[in-house]
Amino acid sequence: MRFKKMVAGIFLQAAACCLMATPSVAAINASHLGAAYDASAANINFKVYSSRATRIELDIYASPYGAQEVARYVLIKGANNVWAAGAAVSTLRGLGVTGPVYYGYRTWGPNWAYNASWTKGSSAGFVSDVDADGNRFNPNKLLADPYALELSHDPANASWTDLTLYASGAAYRNADSAPQAPKGIVLAGDSQSIGVKPQRAQKDDIVYEVHVRGLTMTDTSIASAYRGTYKGAAMKAGYLASLGITAVEFLPLQETQNDSNDVISDSDAGDNYWGYMTLNYFAPDRRYAYNKAAGGPTIEFKEMVKAFHDRGIKVYIDTVYNHTGEGGAWGNTDGLTVYNLYSWRGFDNPAYYELTTDNQHAVDNTGVGGNYNTHNPIAQNLIVDSLAYWSNTLGVDGFRFDLASVLGNTCETSCFNFDKMDANNALNRITRELTVRPAAGGSGVDLIAEPWAIGGNSYQVGGFPSGWSEWNGIYRDTMRASQNKLGAVPITTGQLATRFSGSSDLYQGNGRKPWNSINLMVAHDGFTLKDLYSCNGKSNLQAWPYGPSDGGSDDNISWDQGGIAQDQRKAARNGLAFMLLSAGTPMMTGGDEFLRALNCNNNPYNLDSSANWLNYNWTTDQVNFNTFTQRLIAFRKAHASLRPIDFYSGADNNGNGMQQMSWFKPDGGTPDSAYFGDANNRAIAFRIDGTELGDTSSALYVAYNGWSGNVNFMLPWPGAGKNWYRVMDTSNWNEGANTVTMPGAESFIGGQGTNYGVNGRAVLLLIAK
């Protein structure tokens, strides 16, 4: 459940780089890398970084595919290893470039020396595919600018599927990739507004993780041409706002290899649906745009952002700075020196990738290719520059970082060592150079880490530095085990109390707060909420459209509730209630609000299919669950006491303190350390004093019965002159449209000392009135 495994086509494993020297620069794109028109729009300036190239040529194209260049310029190396060239727009127009300007680069270096007799497709000047310093220059491979603001197309697409064209090594090194290679596009800028960014504190957010294509592909309320696009997603802003969502977190939207998904319809062959193989860190993915003209994806993305901002919804994007779409070594020939050259590797392999000590192979803590060299200042520049572009220009409000432990790696050669105290790691540089949103809200970005990777000391839940929030995998696993592993996994009420109250054991000691815990039960990589309570194990090899998919965890902490459908829905209500009644930032996955199912496939990274897209044709049970979700979200948003900016006082699991949060045994007594530490106890309750936390209500009471049988809870004091009223009981007897009552319609229960019987495996929510 902790790791994505994606093996698409020839993207396998291993590969790439190391070294360092250039100091970090605390400025956004200080070298003005990329391609841009000057102030007069009469000239275009091209700049690219390489510390090791001996010659770089710029090829300019009038069309992006199947054509030869119309102009070629030799770049001049300047300060800080920045290579530059300029092109007059009038000259390009005279050469036939009357529309968008497409471009790419060819590079030479120590392993492939420049030879004046070289022609496209020749080996003139070739020394080796890789030299002792890790260089992999090859002028036969047209390279996309790492700072291009849009790419024309993917390496594999409906017109070209042979990815060996981009390989360097063995029989592939002399194939000229230029006619088919992706080209950068020079953008002239636009006036599209991103609206007004929400400045809401993260503690008040409800995060909704979803795939931008899957959000609308089957939505018949949206015109078919707009489904699966940024434009279509913008049309769902109203729906998400009505659900109560305050932050939509899109799976990767930076350009990725996915054009090949359209080559063979109704098939998973070579498909990359999730998008965790980035081809460019600045360009919005063109496939998700209705307007695919040059500049169209950028404008349409900003239009989508504005649509969400107009509804008060933040836009987060999932980013992949731990590896790239160039992948790792592939094939079994030539000593595993065959690598794809799309961009970074062909410009400066040791700067952009972490290499083994001999500079020949990759260090891989991602499972899908060599580590991006996150400790190298040049590689860091690209991370910070691209994040700033997405935030400042495209309007993004926050970022989720895939396998983010790699960004805390202090190694640049042949090792992995996570150290949050290293001021020069990428994690700390990001928080230095980007404005992190203050705890109480305001301008800035929200930073969310997936706090693990593969191997070494990469599992770092609770281990990230200040400024970072984390997917709380310990919260997820604890709450799942409490529901699904009764008697098999020793979960104590003390553990539950710690998770309900904001995971102070993980976040309090290092200056962070409960809202730095992203509380989740499921995410895109793993079971859906419904499947978590409907499946005893994964079933990933089923037929299309639900499979087949490889990989996926075998440790899902799931249970099918004995195959009883009503109990499965109850368990899903409990899972959602856990998140929405816990201190922290809750995150749900798109479709969980209506019990979306994937028939037990827990790794559908490769399924660009109807099964993986959200389906809005709901049964009565799904409608009821959607109402349940909507109302419980509204309840959380209405009660500040559920969204504390700091840890509750009196919330420790030793029963100490009676201020903001108090704990109770079923008999109404205060649990001691023995009760909290005994895994044989499965029932716990807590009371939150709203008056201490700026809440309009005086008190809330939550009881959880983890036993299979009924448990009576004696209710505590509701406050002077008040009684307890039922807002929610997830028990089967209360299933329906009103499992969560509307404000003002709560059922009277009684005062202090009243006994309330909570059915087996159910959650109760009361309010004092």
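Definitions and cut-offs
- For every chain, the first residue of its written sequence is number 1, and the numbers climb from 1 along that sequence.
- Local features in this predicted model are restricted to residues of pLDDT 70 or higher, and side-chain atom pairs are both shown and tallied only at a pLDDT of 80 or more, whereas totals for entire chains, interfaces and linings draw on every residue.
- Note: side-chain values were computed over all heavy atoms of the structure, leaving out hydrogens and water.
- Labels follow the DSSP assignment, with helices taken as runs of H or I lasting at least four residues and strands as runs of E lasting at least two, numbered in each case from the N terminus.
- For this measure, only C-alpha atoms enter the radius of gyration; the expected value for a globule follows 2.2 Å times N^0.38, where N is the number of residues.
- Buried residues are those whose accessible area, probed at 1.4 Å on protein chains only, stays under 20% of the maximum for their type, while exposed residues exceed 50% and partly exposed ones sit between those limits.
- Note on contacts: a residue pair qualifies if any of its non-hydrogen atoms lie within 4.5 Å across the two residues.
- Here, Shrake-Rupley sampling with a 1.4 Å probe gives the accessible areas, and only protein chains in the shown set may cover a residue.
- Counting rule for charge: Lys and Arg are taken as positive, Asp and Glu as negative, and neither His nor the chain ends is counted.
- Here the site of a charge means atom NZ of a Lys, CZ of an Arg, CG of an Asp or CD of a Glu.
- In this analysis, the protein atoms alone were mapped onto a 1 Å grid. Cavities are point sets where a 1.4 Å probe fits without being able to get out; pockets are open sets with protein on both sides within 12 Å along at least five of seven lines; lining residues have an atom within 4 Å of a point.
- Grid points are joined across faces, edges and corners, and a volume is the space filled by probe spheres set on the points.
- For this classification, Asp, Glu, Lys and Arg are treated as charged, while Ala, Val, Leu, Ile, Met, Phe, Trp, Tyr, Cys and Pro are nonpolar and the rest, including Gly, are polar.
- Strand pairing follows a simple DSSP-based rule, namely that at least 2 bridges must link the two strands.
- Helix axes are fitted only over the stretch in contact, all axes being lines through C-alpha atoms; the angle between N-to-C directions runs from 0 to 180 degrees.
- Each angle receives one of four descriptions, namely roughly parallel if under 35 degrees, roughly antiparallel if over 145, roughly perpendicular if within 65 to 115, and oblique otherwise.
- Should the near helix be turned anticlockwise from the far one by less than a right angle, the crossing is left-handed, and should it be turned clockwise, the crossing is right-handed.
- By nonpolar core we mean a set of buried residues, namely Ala, Val, Leu, Ile, Met, Phe, Trp, Tyr and Cys, connected to one another through side-chain atoms within 4.5 Å.
- Any two cysteine sulfur atoms lying within 2.5 Å of each other are counted as a disulfide.
- Within 3.5 Å is the distance limit for a polar contact, defined as a pair of N or O atoms, with the added protein rule that one can donate a hydrogen and the other accept it, and that residues adjacent in sequence qualify only through two side-chain atoms.
- The criterion for an aromatic pair is that two Phe, Tyr or Trp rings (for Trp, the six-membered ring) have centres within 6.5 Å, with stacked assigned to planes under 30 degrees apart, edge-to-face to planes over 60 apart and tilted to the rest.
- In this analysis the charged atom, NZ for Lys or CZ for Arg, is taken to sit over a ring once it is within 6 Å of the ring centre and within 35 degrees of the ring normal.
- The score called pLDDT rates the predictor's confidence residue by residue, from a low of 0 to a high of 100.

Another point: the overall build of the protein chain. Within the protein chain, the secondary structure is distributed over 14 helices and 26 strands. For a compact globule of 769 residues, the expected C-alpha radius of gyration is about 27 Å, and the protein chain comes in at 27 Å, within 12% of that figure. Along the three orthogonal principal directions, the C-alpha set of the protein chain runs to about 95 × 50 × 50 Å. Put simply, the protein chain has 769 residues, and 64% of those count as buried. Intrachain contacts of the protein chain at a sequence separation of at least 6 include 74% that bridge at least 24 residues. Here the protein chain has roughly 24000 Å² of accessible surface; of this, 51% comes from carbon and sulfur atoms. The average position of the 58 basic charges and that of the 69 acidic charges among the side chains of the protein chain differ by 4 Å.

The final tally for this structure, using the stated rule, is 9 cavities of 30 Å³ or more. Space inside the largest cavity adds up to approximately 160 Å³. Lining the largest cavity are 18 residues, with Trp274, His524, Thr589, Arg596 and Asn612 sitting closest to its centre. When grouped by side-chain class, the residues that make up the lining of the largest cavity number 9 nonpolar, 7 polar and 2 charged.

Our focus in this paragraph is the sheet that holds strand S26 (residues 762-768). With antiparallel pairing, the 6 strands of this open sheet are ordered in space as S19-S20-S21-S26-S23-S24. Single-partner strands in this sheet number two, and they are strand S19 (661-664) and strand S24 (747-750). Direction aside, neighbouring strands of the sheet carry axes that sit 30 degrees apart on average. Where strand S23 (residues 724-729) and S24 come together, 3 bridges link them in antiparallel fashion. Note on S24: the bridge partner recorded for Trp724 is Gly750.

Quick look at the packing of helix H8 (residues 473-484) against helix H9 (residues 493-500) now. Look at H8 against H9: their axes get within 10 Å of each other, and the N-to-C directions meet at 135 degrees. Considering the angle they form, H8 stands oblique to H9. In this structure, the crossing between H8 and H9 has a hand that is left-handed. Together, Ile474, Tyr475, Thr478, Met479 and Ser482 of H8 and Gln495, Leu496, Arg499 and Phe500 of H9 make up the contact between the two elements. Here the residues of the contact of H8 with H9 are counted per class, giving 5 nonpolar, 3 polar and 1 charged.

Moving on, we come to the nonpolar core. Counting residues in each nonpolar core, the largest one holds 151 residues, and the members touching the most others are Tyr208, Phe250, Phe301, Phe401, Ile430 and Tyr701. With 9 residues, the single largest contributor to this core is helix H6 (residues 377-393). Core analysis: the second largest hydrophobic core is formed by 41 residues, Phe46, Val89, Leu92 and Leu151 among them.

Across the junction of Trp544 and Pro545, the peptide omega takes the value 10 degrees, indicating a cis bond. Structurally, the position occupied by Pro545 is in the loop between helix H11 (529-532) and helix H12 (565-580). Note the cis peptide between Gly547 and Pro548, where omega equals -5 degrees. Structurally, the position occupied by Pro548 is in the loop between H11 and H12.

Let's shift gears to the sheet that holds strand S15 (residues 446-449). Reading around the circumference, S10-S11-S12-S14-S15-S16-S17-S18 is the order of the 8 strands in this closed barrel, with parallel pairing throughout. Each neighbouring strand pair of the sheet contributes to a mean axis angle of 25 degrees, computed without reference to strand direction. In the sheet, strand S16 (residues 469-471) pairs with strand S17 (residues 517-520) via 2 bridges, with the strands oriented parallel. Bridge assignment links Glu470 to a residue of S17, and that residue is Ser517.

Turning our attention to the state of the cysteines. Taken as a whole and assessed by the stated rule, the structure comprises 2 disulfides. Disulfide partner of Cys411: Cys415, at an S-S distance of 1.8 Å. An S-S torsion of about -100 degrees defines the bridge between Cys411 and Cys415 as left-handed. Looking at Cys411, the relative accessible area reads 8%, which means it is buried. The exposure class assigned to Cys415 is partly exposed, which follows from its relative accessible area of 32%.

Here the focus is the packing of H6 against helix H7 (residues 426-433). Relative to each other, H6 and H7 sit at 45 degrees, their axes nearing to 10 Å. As far as their axial angle goes, H7 and H6 are oblique. Classified by chirality, the crossing of H7 by H6 is right-handed. For the pair H6 and H7, the contacting residues are Pro377, Gln380, Asn381, Ile383, Val384 and Leu387 in the first and Ala426, Arg429, Ile430 and Glu433 in the second.

Taken as a whole, the largest pocket holds about 500 Å³ of empty space. Together, 24 residues line the largest pocket, and Asn29, Leu33, Ala35, Ala36 and Leu149 are the ones closest to its centre. For the lining of the largest pocket, the secondary structure elements donating two or more residues are strand S1 (34-37), strand S2 (43-49), helix H4 (296-310) and H6. Among the elements that line the lining of the largest pocket, the one with the most residues is H6, at 5 residues. Across the lining of the largest pocket, the residue classes tally to 12 nonpolar, 8 polar and 4 charged.

Relative to the helices and strands, Asp729 resides in strand S23. Between the alpha carbons of Asp729 and Arg429 there is a distance of 46 Å; along the sequence they are 300 residues apart. Look past the residues within four positions of Asp729 in its chain and what remains in contact with it is Asn734, Thr739, Tyr756, Ala762, Val763 and Leu764. Within the structure, Asp729 has its side chain in polar contact with the side chain of Ser731 (distance 2.6 Å).

Quick look at the environment of Asp204 now. For Asp204, the position within the fold is in the loop between strand S9 (184-185) and strand S10 (207-210). It is 8.5 Å that separates the C-alpha atoms of Asp204 and Trp515, two residues lying 311 residues apart in sequence. The contacts of Asp204, once residues within four sequence positions are left out, are Thr246 and Arg643.

Tracing the backbone shows Tyr37 in strand S1. Classification of Tyr37 by relative accessible area gives partly exposed; the value is 23%. The sequence separation of Tyr37 and Ala188 amounts to 151 residues, and the corresponding C-alpha distance is 6.5 Å. Ignoring sequence-local partners within four residues, the contact set of Tyr37 consists of Asn43, Ile44, Val89, Arg93, Val101, Val186, Leu187 and Ala188.

All told, the structure shown has 39 aromatic pairs when counted by the stated rule. Here the aromatic rings of Tyr701 and Trp724 are separated by 5.7 Å at their centres, their planes lie at 50 degrees, and the arrangement is tilted. Residue Tyr701 is found in strand S21 (residues 699-705), and its partner Trp724 is found in strand S23; the two are separated by 23 residues along the sequence. As far as burial versus exposure is concerned, Tyr701 and Trp724 are alike and both buried. These aromatic residues form a ring-pair network of at least three members: Tyr281, Tyr321, Trp344, Tyr352, Tyr372, Phe399, Phe401, Phe418, Phe464 and Trp468. When the ring centre of Tyr353 is taken as reference, the NZ or CZ atom of Arg345 above it lies at 4.5 Å. In this arrangement the basic side chain of Arg400 is found over the ring face of Trp471, its NZ or CZ atom lying 4.1 Å from the centre.

Right, let's talk about the confidence of the model for the protein chain for a bit. One rule of thumb: low pLDDT means the predicted coordinates there are not for detailed reading. Across the protein chain, the average pLDDT comes to 94, with 95% of residues at 70 or higher. Under a pLDDT of 50 for its full length, residues 1-25 has, in the predicted model, 127 contacts with residues more than four places off or in other chains. Note on residues 654-658: pLDDT is under 50 here. Beyond four places in sequence and across chains, it has 10 contacts.

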